[in-house]
Amino acid sequence: MSRRSGGYVSICIPGGFYAADKLALVSTASFFFGKRLSAPATSPALRTFCRTLALAGALGLAACRSTPPGSPVAAPVPAPATPSIKVGVALGGGAAKGFAHIGVIKMLEANGFAPAVVAGTSAGSVVGALYASGMNAFELQEKAVALDEAKIRDLQISSGGLLVGQKLEDYVNEQVRRQPMERLAKPFVAVATRLEDGERTVFARGNTGQAVRASSSVPGVFQPVTIGRYHYVDGGVVSPVPVDAARGLGADIVIAVDISSKARGQTPSGMLGTLSQSIAIMGQRLGQAELARADVIVRPQVLDIGGADFTQRATAILEGEKAALAAMPQIRERVAQVLAAREQAARQACLEQRSRLQRLAGAVGMDGGCAAP
């Protein structure tokens, strides 16, 4: 392709524009610099200009294609839009202490970190199921305040436990509008323990209330739940705070909420206290290992609330709020780290995908097509 302007003719071939003769080179220089040059065609200044022009031409290979005037020489490779961070919450077990989960979720929502995926064990599975059904934190609080214990307690003395658990199952199913787990508004799993072999079981499909009931069946308090060929008890025996289950749902950041009782050198009172502390001791070491895999751990100060003390639900919610607010700087820092790592990975991928021409452009300080992280 040839181009004529200001008394010169240049030819566009791979490598740049080449003038037809020396006089044309002088005219070309006049065209670019806006004035007529009087230097001889063989002068060092002109030779320097020609070398500069040749380099510019090498970077302008794209102009030789049949593209409309004004098209960019080397269009940058657009970096993919950064997707939002997927926050997951791992809600631990703790009976009546579980009301603290509501306070934690309230503060996460208020600060722009609404959980996208939810994993729950025992009491955490109850709150988690209701939240995953589409309720926000304030709706959860309304449910908590209005909860009548009689709706979830069905006393029946037997060798398997004091409570059947059917009322709890029915209550949860009523609240989630009888939606199975796979059809809830947010991905949700409930963790239980298979009684026959102690295997950790993660329920992700099927009857939501039944899965929550299995996850909440404290040994000796609730009768084991029969599902298929197996029997299930409280998930806190093997996974007091289900960090790994939340990670398995695809969470970029897992915020663990630990409300489990700790053995504090005190003799528990009553049968329920003994059972609660026994389970805490069994799961304590396992829980520490799993908690270490969380990004942020929130620990509401609810250890003094009894496992069956529903009268302190408002206190538990408040403690959840306070603990979540205290952890907010750590959450923000972790989110920033994940975003920075993601941007760096995107830039590296962009650099690897750039064309030879774009790499040449970047080598001489022109736009290489990849934004700095």
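Attention here is on the structure that accompanies the text. Treat the numbers as computed from the prediction; the structure is a model and nothing was measured.

### Let's talk about the pairing of strand β12 (residues 230-234)
Sheet topology note: the strand β8 (residues 188-194)/β12 ladder contains three bridges and is antiparallel. Bridge assignment links Thr193 to a residue of β12, and that residue is Val233. Linking two consecutive strands that pair antiparallel, namely strand β11 (residues 225-227) and β12, is a turn of two residues; a positive phi of about 65° is found at Gly228 within it.

### Thoughts on helix α3 (residues 100-110)
Burial analysis of α3 places nine of its 11 residues in the buried class, the great majority of the element. For α3, the complete set of buried residues consists of Ala100, His101, Ile102, Gly103, Val104, Ile105, Lys106, Met107 and Leu108. Buried residues along α3 sit against β4 (87-91), α4 (123-132), α5 (137-146), β13 (253-257), β14 (296-298) and α10 (313-353). Just past α3, the residue Gly112 takes up positive phi, approximately 80°.

### Side note on the packing of aromatic side chains
The description of two aromatic rings rests on the distance between their centres and on the angle between their planes. This model, assessed by the stated rule, comprises two aromatic pairs. Ring centres of Phe99 and Phe310 lie 5.6 Å apart, and the angle between their planes is 85°; on these two criteria the pair is classed as edge-to-face. On the criterion of sequence distance, the pair formed by Phe99 in the loop between β4 and α3 and Phe310 in the loop between β14 and α10 is long-range, its members being 211 residues apart. By relative accessible area, which is 11% here, Phe310 ends up buried. An angle of 75° between the planes, with centres 5.2 Å apart, marks the rings of Phe203 and Tyr232 as edge-to-face. On the criterion of sequence distance, the pair formed by Phe203 in strand β9 (residues 200-203) and Tyr232 in strand β12 is long-range, its members being 29 residues apart. Tyr232 carries the same exposure label as Phe203, and that label is buried.

### Focus on the packing of α3 against α5
Closest axis-to-axis distance for the α3/α5 pair is 9 Å, and the angle between their directions is 160°. Of the possible angle classes, the one that applies to α3 and α5 is roughly antiparallel. Classified by chirality, the crossing of α5 by α3 is left-handed. Along the contact surface, α3 presents Ile102, Ile105, Lys106 and Glu109, while α5 presents Ala137, Phe138, Leu140, Gln141 and Ala144. A class-by-class count of the residues in the contact of α3 with α5 yields six nonpolar, one polar and two charged.

### Digging into α10
Here α10 contains 41 residues, and its C-alpha end-to-end distance of 55 Å stays within 8% of the 60 Å for a straight helix at 1.5 Å per residue. At Met328, α10 shows its largest bend, some 45°, and a proline, Pro329, comes one to four positions later.

### Overview of the nonpolar core
Of all hydrophobic cores here, the largest spans 60 residues; its most connected members are Phe99, Leu140, Val172, Phe188, Phe203, Ile255 and Ile331. Element by element, the count of residues in this core is highest for α10, at nine residues. What Phe99 contacts, discounting residues up to four positions off in sequence, is Ala144, Leu147, Phe310, Arg313, Ala316 and Ile317. Val117, Val191, Val243 and Ala251 belong to the second largest nonpolar core, which has 14 residues in total.

Thresholds, definitions, all that
- Residues numbered from 1 in each chain as written.
- Predicted model: local features only at pLDDT ≥ 70, side-chain atom pairs only at ≥ 80, totals over all residues.
- Heavy atoms only, no water.
- Pairing = 2+ DSSP bridges.
- Helix = DSSP H or I, 4+ residues; strand = E, 2+ residues; numbered from the N terminus.
- Buried < 20%, exposed > 50% of the residue type's maximum accessible area, 1.4 Å probe, protein only.
- Contact = heavy atoms within 4.5 Å.
- Phe/Tyr/Trp six-rings, centres within 6.5 Å; stacked < 30°, edge-to-face > 60°.
- Axes fitted to C-alpha atoms, helices over the stretch in contact; angles between N-to-C directions.
- Parallel < 35°, antiparallel > 145°, perpendicular 65-115°, else oblique.
- Left-handed = near helix turned anticlockwise from the far one by under 90°.
- Nonpolar A, V, L, I, M, F, W, Y, C, P; charged D, E, K, R; others polar.
- Expected span 1.5 Å × (residues − 1).
- Bend = angle between axes of the 7 residues up to and from the residue.
- Core = buried A, V, L, I, M, F, W, Y, C linked by side-chain atoms within 4.5 Å.

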